[in-house]
4 protein chains.
Amino acid sequence: MTFAPPDFTTPALAAAPDAVFVPAPADGVLPEGFFSTTNLPTYVRIGGAWRVPREPRMDAALVLDAAGDLWSREGRRVRAGERVAIGRAEDGSEGILVHTDAFRAPSGSGGEFKFMTSEVSREKPIDYAQMARLLIEERARGGYPIWVTGPALVHSRARADMVWFIANGFVGALLAGNAVAVHDIEASIFGTTLGMSGSGEATSGGHGLHMRAINRVRAAGSIAAAVAQGVITDGIMHACVRHRVPFVLTGSIRDDGPLPDVITDSAAGQEAMRAHTVRATMAILIATALHAIAAGNMLPAFVTDADGTLRELATICVDSSEFVVSKLKDRGTHQAFGVVTNAQDFMHILRLYVEREMGAGGGPAGAASPRAASVVA
Amino acid sequence: MTFAPPDFTTPALAAAPDAVFVPAPADGVLPEGFFSTTNLPTYVRIGGAWRVPREPRMDAALVLDAAGDLWSREGRRVRAGERVAIGRAEDGSEGILVHTDAFRAPSGSGGEFKFMTSEVSREKPIDYAQMARLLIEERARGGYPIWVTGPALVHSRARADMVWFIANGFVGALLAGNAVAVHDIEASIFGTTLGMSGSGEATSGGHGLHMRAINRVRAAGSIAAAVAQGVITDGIMHACVRHRVPFVLTGSIRDDGPLPDVITDSAAGQEAMRAHTVRATMAILIATALHAIAAGNMLPAFVTDADGTLRELATICVDSSEFVVSKLKDRGTHQAFGVVTNAQDFMHILRLYVEREMGAGGGPAGAASPRAASVVA
Amino acid sequence: MTFAPPDFTTPALAAAPDAVFVPAPADGVLPEGFFSTTNLPTYVRIGGAWRVPREPRMDAALVLDAAGDLWSREGRRVRAGERVAIGRAEDGSEGILVHTDAFRAPSGSGGEFKFMTSEVSREKPIDYAQMARLLIEERARGGYPIWVTGPALVHSRARADMVWFIANGFVGALLAGNAVAVHDIEASIFGTTLGMSGSGEATSGGHGLHMRAINRVRAAGSIAAAVAQGVITDGIMHACVRHRVPFVLTGSIRDDGPLPDVITDSAAGQEAMRAHTVRATMAILIATALHAIAAGNMLPAFVTDADGTLRELATICVDSSEFVVSKLKDRGTHQAFGVVTNAQDFMHILRLYVEREMGAGGGPAGAASPRAASVVA
Amino acid sequence: MTFAPPDFTTPALAAAPDAVFVPAPADGVLPEGFFSTTNLPTYVRIGGAWRVPREPRMDAALVLDAAGDLWSREGRRVRAGERVAIGRAEDGSEGILVHTDAFRAPSGSGGEFKFMTSEVSREKPIDYAQMARLLIEERARGGYPIWVTGPALVHSRARADMVWFIANGFVGALLAGNAVAVHDIEASIFGTTLGMSGSGEATSGGHGLHMRAINRVRAAGSIAAAVAQGVITDGIMHACVRHRVPFVLTGSIRDDGPLPDVITDSAAGQEAMRAHTVRATMAILIATALHAIAAGNMLPAFVTDADGTLRELATICVDSSEFVVSKLKDRGTHQAFGVVTNAQDFMHILRLYVEREMGAGGGPAGAASPRAASVVA
């Protein structure tokens, strides 16, 4: 979406004061009145110049470090004495400007009587061709699309399609929880997920199979080791290992095991995720409220290109009900485009469209991407 | 909600032409280019004066009858040769003005970054006290609240609460389908609904009980006759008969029976409903997508008080999921306020609050209403 | 599914009495104690022989007509004096046997601890290949699959896929409501559905387009006439007319218009539907609670082949939530197999799999079916 | 529910061998073929006697420690060399018996045609009186009901009702995540939740309020300290502190902050939860999939009373959709009773019924419980 930068020459902005910074009173504690960030483009006046913070995200503080660099930083990471911006005004009058209209269409007349104006509905068409083109463009330009997925992805047989996206260079990083990897690995070892066969039947003795899968990986030491030892022979985690696509598995309170790769500390898990969200140029969130909101919290609503221009960060949120998408938006990820469908079907059709678009001039599958070519020997 | 009438002295409106009317080409067929109505306040310029149509509703034509009266009328009811307004512009430039901003809050800055901005969500608080006060006010002023309900109301034990609202004068008319009455009457005769006991257990032989209930009413000739004969001894339909609260039961393709009172023709059913929607001063739509949208289609978004002033028609839509409310809004009933909860719980708490509010000065239950007092001897 | 007929030589069944029939007391009124049917194979002992009723369905009476034919018949169609079976026992002890275990798997040990035992869940895999094979087999054997659909089918761009199924001989009959046809015809004439563009945007002035579409068909006189006159040039209804696939449009209380082909009387609508349900050899119910339950009420759970053998009537129910499928089962259509997904995606993948299966030896598309070849010149 | 213990005198069980134990190969790694536990009563033959493990739960191993005590223990907690039971058979033939029918009704004929047989549906009645009696009984007998809640509880104004249950001795322990406490504390300090007012409006500047609330508690050092310092003056966390009701807040990847009391490591969080689940005599799971499944994983399906008898552990799961309850059951918590409604309404009516039942002979509120009386001065 096109982006019109703010006009800093308006009298109000031209006359705006410098932002005020005060020291943090203690480790992990912000000064009262701290400025609480959003995911929108934000400009901070320092020494008369408007500057943008590094690693922008919502629900963070603005920290000016000793070297003079400006950061968006979570409160728990701020150390006593670090300089933190103060203020509540978002219009620049206290030296901080949030560009709320950056990516929003002007609301127009607004009042016209219309049908079908809801933001998210299963009754809205899904434009797979457009999503496919976005993915292909991202791959072509060397973008970094992050995929954030829930276990339904594996559970309902979308596994082969996810493997295809990984193998063909469309996945910058995979962010998920223990269950995605457990189901995927159970499927590789035993052909079931939570003991359910590929045709949806609960199998006898099946309730223990995910525990046996976890135990084998724990015995191997790590997912990569289990792949190397031939314990895991196919599937999503196997594809990540083989194609060197980074993954982050963060722990949750409902985890069995967990697998050895899971980061059980949630603060550490967020750090690991942030290493990818700060690089993200697109986000695909599938069948997970927990991880979608986690990623949404960390993602800016925009991508900063190499030349400094900003564009909207395409964010697709797929779920079986309108509720998860609305919930995500209600937590500030307004840029999310909601797709209300079954994860399995979404993956299958999206792959189909990507294949079609590539066949129609997108070039040979995988060839365009440096990532796609790298397979561990 | 306060209402600011349009300013007809603006140059554009002062200079607006009269609306153009052309004859309908055939019975039930409108002229090409007919003006298609909305549920918002609408003004039609005729002989230089701005007039409002009678029986306003959406999806209708504007008909100027031989007597010079102006009506909103469904296309199927228009006869060949009747004068029908032409035009698409809703800004008065073709003589027809739709007052789209009548009840809408000005959208304000709009762009501010906020959480929790979704229109309908189970995460929003439900203000039962306000709804209770609305109902009590309606009763006090002699309003005409219509209740439009689905079978879940009966199925899940909200039956006693609905009876209470009927008996205490809070129900102007009940609009529902065959199933509501069938479940209610099965509950009166057999103590079950679709063979399910009051504690939720499927009973042996229960699958035929709704058919036996229907058959007994068919034998009696009507619901009122079955009440008179002692076949039906309690419940919602019984209360309607006893308290002379009118009800309209309209048929649907999934009906068993149906009961003798059911209007099986959908066009005739809409006529019967419209006799109540044109009088409605409030609408409570509970646990029904079908009938809620049917009523929403017929209801204006506003009430015209005796002195000609307009106010918003309070419309409450209760359903277990956000989807039904969004769907209703997507069909133009934008004024609907969504309550996402279980029908049984809604009824129970709403009654509790009404009782509390009445106890706190609302006057003795039922005494304020002419309707409440009338019980068939 | 294999079917083991009841063993009538067991002592209990061998000694069973003839069923008792008593005359109906009035038109449309059944005698007290009437036997209320299910959708399962049912055997009635008459003159010492076990006979099956014609036109089996649930929620009906068993009528022995003057010619000695035995029928399942809705109470409202029974005339005074007609002989109606009496009894509640379903085990043959009163001369009526319901074969409840006909198509059910033996429940086995039952008690084993298992995961993933829910009947319907978005977490279960969807076996499109199997559904595709069923459709192809039905076409090959000259079966009569009925498709029962809601408006979401059209609304969300599954229209082209539905046209494909019609054109290629996979649709015996289409059973739907006014809205499906209205949306489809609006799409043909104006390129929108309820004023929403194909990419999901509400268009200016769009709220009246469905009314304009209806009006044009009313002017033409019927859908077929509108096709003949070039008013409707593509889409689902166009395909039905062109390929002589019968359709039944039944009215509902929320209908706009309606279109001239709509049967507004619900009893007459059920008669029209029954003409197809009694022939049905498969049922595909998509994105409609109302029509799915209506069809489920009328459909036997089994198909009677020409040689008298019975097999389960494959019934697929597609909806965005588990609730509709559970509701359908809770109304007795236990044979329904639930697919929890978006209607648009379902149609797209199902078509893809049918194309694949046909390409893999299913024979040239359409060639196998007498229906597929017939196109109105 | 009554419980019939297994009959160990049957020939098969009398002749059963002792269970086989083999040493764990490494810390946190189980031997291949380990027995994977369920949440049902389990008997292990050791030295010819049938014994029950301590701290029963699903997805664990059976460990015989050096002192000869038998435990259900998660694999990650098993140390190298500890003796772990081997086997897959659950019928005693390998020395381990899972009593699958302990609390299940015999499935009976099974085949009868019935309506309304789904396990979980919004169409089923909710028996608040029974749930109220259960809670009152638990309090009277000194039971330990654990409440596991999601943020919707606070978000939608059920806060006052939750405080009432805490203050009146109905809460043994509160298990939740960071968000419940953050919303609750934001409500205490600012009167909003995620910036949304009590009437559901998004407030200007509101998006930062939860961060400010977190920061104040971080400055105070803990929730208890913030209560002591007067930072938190009412609400759920305040009530827990004042009434000495223990709470466990476990971290998740989507947490803001988090609050200082949150256990960010998921393995440590599970340990903290288990300290309460092993004591639980009842479980109420409200508006949370994540924590409900986490608790369900740890909870046995039964309570072992002081005299060694077993009874079913009453487990109530409240959610707006059938899906969460089905998902919980699909993960093995089959004993869960599903209530499909809004959390706010559930809390309000449940409290009302508890008050009524107590008024009707339940004794003075709180007086019966040692817990209820303790308030921090």
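Small disclaimer: the values here were computed from a predicted structure and weren't measured. (Residues numbered from 1 in each chain as written. Chains lettered and ligands numbered in written order. Predicted model: local features only at pLDDT ≥ 70, side-chain atom pairs only at ≥ 80, totals over all residues. Heavy atoms only, no water.)

Draft legend 1. A look at the overall build of chain A. Within chain A, the secondary structure is distributed over 13 helices and 15 strands. On C-alpha atoms alone, chain A measures out to a radius of gyration of 22 Å, which is about the 21 Å that the 2.2 N^0.38 rule sets for 377 residues. Viewed in the frame of its principal axes, chain A has a C-alpha envelope of about 70 × 50 × 40 Å. Relative to its 377 residues, chain A shows a buried fraction of 64%. Across chain A, the fraction of contacts at a sequence separation of at least 24, relative to all contacts at a separation of at least 6, is 69%. About 12,400 Å² of surface is accessible on chain A, with carbon and sulfur atoms providing 54% of the total. (Helix = DSSP H or I, 4+ residues; strand = E, 2+ residues; numbered from the N terminus. Rg over C-alpha atoms; globule rule 2.2 N^0.38 Å. Buried < 20%, exposed > 50% of the residue type's maximum accessible area, 1.4 Å probe, protein only. Contact = heavy atoms within 4.5 Å. Areas by Shrake-Rupley, 256 points an atom, 1.4 Å probe, with all protein chains shown as cover.)

Draft legend 2. Structural view of the pattern of salt bridges. The tally for this structure, following the rule as stated, stands at 92 salt bridges over all chains. Of the charged contacts, one joins R311 of chain A and E138 of chain A as a salt bridge, the two residues approaching to 3.7 Å between their closest N and O atoms. Of the two residues, R311 of chain A is situated in strand β13 (residues 310–312) and E138 of chain A in helix α2 (residues 128–140); the sequence distance between them amounts to 173 residues. On the basis of relative accessible area, E138 of chain A is assigned to the buried category, the value being 3%. R274 of chain D is the partner of E74 of chain D in a salt bridge, and the nearest nitrogen-oxygen pair spans 2.8 Å. Of the two residues, E74 of chain D sits in the loop between β5 (70–73) and β6 (83–86) while R274 of chain D sits in helix α9 (residues 266–277), which places them 200 residues apart along the sequence. (Salt bridge = Lys/Arg side-chain N within 4 Å of Asp/Glu carboxyl O.)

Draft legend 3. View of the sheet that holds strand β8 (residues 145–149) of chain C. Residue and element names in this part refer to chain C. Here six strands make up an open sheet; going across it, the order is β10-β9-β8-β11-β14-β15 and the pairing parallel. Taken across any chain shown, the strands that pair with only one partner, and hence form the sheet edges, are β10 (247–250) and β15 (336–340). Here the average twist between neighbouring strands, direction ignored, is 15 degrees. Note: β8 against strand β11 (residues 282–286), five bridges, orientation parallel. Following the sheet pairing, I146 is matched in β11 by A283. (Pairing = 2+ DSSP bridges. Axes fitted to C-alpha atoms, helices over the stretch in contact; angles between N-to-C directions.)

Draft legend 4. Structural context of the relation of the copies chain C and chain D. Under the fitted operation, chain C is carried onto chain D by 0.0 Å of movement along the axis and a turn of 180 degrees, and the coordinates agree to an RMSD of 0.0 Å. Accordingly, the operation relating the two chain copies is best matched by a two-fold axis. In terms of C-alpha distance to the rotation axis, chain C has E322 of chain C as its closest residue, with the C-alpha 3.8 Å off the axis. A share of 100% of interface residues in chain C that are also interface residues in chain D marks the association as one of identical surfaces. (Least-squares fit on C-alpha atoms with pLDDT ≥ 70 in both.)

Draft legend 5. Up close: the sheet that holds β6 of chain D. All names here are of chain D. Taken in spatial order, the four strands of this open sheet run β1-β6-β4-β5, and their pairing is antiparallel. Every interior strand has two partners, whereas the edge strands, β1 (20–23) and β5, have only one. In this sheet, adjacent strand axes meet at a mean angle of 40 degrees when their direction is disregarded. Where strand β4 (residues 61–64) and β6 come together, two bridges link them in antiparallel fashion. Bridge pairing links V63 to V84 in β6.

Draft legend 6. Layout of the interface of chain C and chain D. Taken together, the 28 residues of chain C in the interface contact 28 residues of chain D. A per-residue breakdown of the area chain C buries against chain D is headed by F113, F323 and D330 of chain C, which together make up 31% of the total. Taken together, chain C and chain D are joined by four salt bridges. Taken together, chain C and chain D are joined by 10 residue pairs in polar contact (both at pLDDT 80 or more). (Buried area = accessible area lost by both parts, 1.4 Å probe. Polar contact = N/O pair within 3.5 Å; in protein donor to acceptor, adjacent residues only side chain to side chain.)

Draft legend 7. Examining the pairing of β4 of chain D more closely. Residues and elements named next belong to chain D. Residues A61 and V63 of β4 are buried on one face, and the alternating residues L62 and L64, pointing to the opposite face, are buried as well. In terms of strand pairing, β4 meets β5 through four bridges, oriented antiparallel. Residue L64 lies in a different strand from β5, and its bridge partner there is L70. If you look at the hairpin formed by β4 and β5, you'll find five residues sitting between the two strands, and G68 has a positive phi there, around 85 degrees.

Draft legend 8. Representation of the pairing of strand β11 (residues 282–286) of chain B. Residue and element names in this part refer to chain B. The buried count for β11 comes to five of five residues, which makes it a mostly enclosed element. The two faces of β11 match: M282, I284 and I286 on one face and A283 and L285 on the other face are all buried. Where β11 meets strand β14 (residues 314–319), five bridges bridge the pair, whose relative direction is parallel. By the bridge assignment, M282 is partnered in β14 with A314.

Draft legend 9. Representation of the interface of chain D and chain A within the structure. At the interface, 53 residues of chain D touch 53 residues of chain A. Contact between chain D and chain A buries roughly 4,300 Å² in total, counting both sides, with carbon and sulfur atoms accounting for 47%. Per-residue buried area on chain D facing chain A is highest for R212, I253 and R254 of chain D; these three make up 19% of the total on that side. Remark: the boundary between chain D and chain A carries two salt bridges. For E32 of chain A, the salt bridge goes to R216 of chain D, with nearest N and O atoms at 2.9 Å. There are 22 residue pairs in polar contact (both at pLDDT 80 or more) connecting chain D and chain A. Counting residues per element, the ones that place at least two in the side of chain D that touches chain A are α6 (209–220), α9 and α10 (289–298) of chain D. Among the elements that line the side of chain D that touches chain A, the one with the most residues is α6 of chain D, at eight residues. Class assignment of the residues belonging to the side of chain D that touches chain A gives a composition of 16 nonpolar, 22 polar and 15 charged. (Nonpolar A, V, L, I, M, F, W, Y, C, P; charged D, E, K, R; others polar.)

Draft legend 10. Structural context of the nonpolar core. The biggest cluster of nonpolar side chains holds 129 residues, and the ones touching the most others in it are W147, I223 and F346 of chain A together with W147, I223 and F346 of chain C. Ranked by size, the runner-up nonpolar core spans 128 residues in total, among them A61 of chain C together with M162, I232 and L249 of chain D. (Core = buried A, V, L, I, M, F, W, Y, C linked by side-chain atoms within 4.5 Å.)

Draft legend 11. Looking closely at the packing of helix α10 (residues 289–298) of chain C against helix α11 (residues 322–330) of chain C. Residues and elements named next belong to chain C. Packing of α10 against α11 leaves a shortest axis separation of 10 Å and a crossing angle of 25 degrees. One finds that α10 runs roughly parallel with respect to α11. The handedness of the crossing between α10 and α11 is right-handed. Contacts between α10 and α11 involve A289, A292, I293 and G296 from the first element and V324, K327 and L328 from the second. Partitioned by chemical class, the residues of the contact of α10 with α11 number five nonpolar, one polar and one charged. (Parallel < 35°, antiparallel > 145°, perpendicular 65-115°, else oblique. Left-handed = near helix turned anticlockwise from the far one by under 90°.)

Draft legend 12. Spatial organisation of the relation of the copies chain D and chain A. You can overlay chain D on chain A at an RMSD of 0.0 Å; the transform is a turn of 180 degrees with a shift of 0.0 Å along its axis. Both copies contact each other with a shared surface, as 100% of the interface residues of chain D are interface residues in chain A too.

Draft legend 13. Region of the structure containing the environment of T192 of chain C. Residues and elements named next belong to chain C. With respect to the secondary-structure elements, T192 resides in the loop between α5 (178–190) and α6 (209–220). Overall, the relative accessible area of 7% leaves T192 in the buried class. Each C-alpha atom, one on T192 and one on G296, is 31 Å from the other, the two residues being 104 residues apart in sequence. The contact partners of T192, leaving out residues within four places of it in the chain, are H183, E186, A187, S197, T203 and L209.

Draft legend 14. Focus on the side chain of R57 of chain D. Checked against the element boundaries, R57 of chain D lands in the loop between β3 (49–51) and β4. Judged by relative accessible area, which is 4%, R57 of chain D ranks as buried. A polar contact is formed between the side chain of R57 of chain D and the backbone oxygen of N297 of chain D, at a distance of 3.4 Å. Excluding anything up to four places from it in sequence, R57 of chain D contacts D256 of chain A together with T37, T38, N39, S72, E74, N297 and M298 of chain D.

Draft legend 15. Region of the structure containing the packing of aromatic side chains. One pass over the full model with this rule turns up 36 aromatic pairs over all chains. For the ring pair W164 of chain A and F165 of chain A, a centre distance of 5.1 Å and an interplane angle of 85 degrees mean the geometry is edge-to-face. The same class applies to W164 of chain A and to F165 of chain A, which are both buried. With a centroid separation of 5.9 Å and 40 degrees between ring planes, the pair formed by Y128 of chain C and F346 of chain C is classed as tilted. Residue Y128 of chain C is located in helix α2 (residues 128–140), and its partner F346 of chain C is located in helix α12 (residues 343–362); the two are separated by 218 residues in the primary sequence. Comparing Y128 of chain C with F346 of chain C, the two get one shared label, buried. Across the ring face of F323 of chain B, the terminal group of R122 of chain A is positioned such that the distance to the ring centre comes to 3.8 Å. One residue, R212 of chain D, lies across the ring of F34 of chain A, its end atom 4.8 Å from the ring centre. (Phe/Tyr/Trp six-rings, centres within 6.5 Å; stacked < 30°, edge-to-face > 60°. Lys NZ or Arg CZ within 6 Å of the ring centre and 35° of its normal.)

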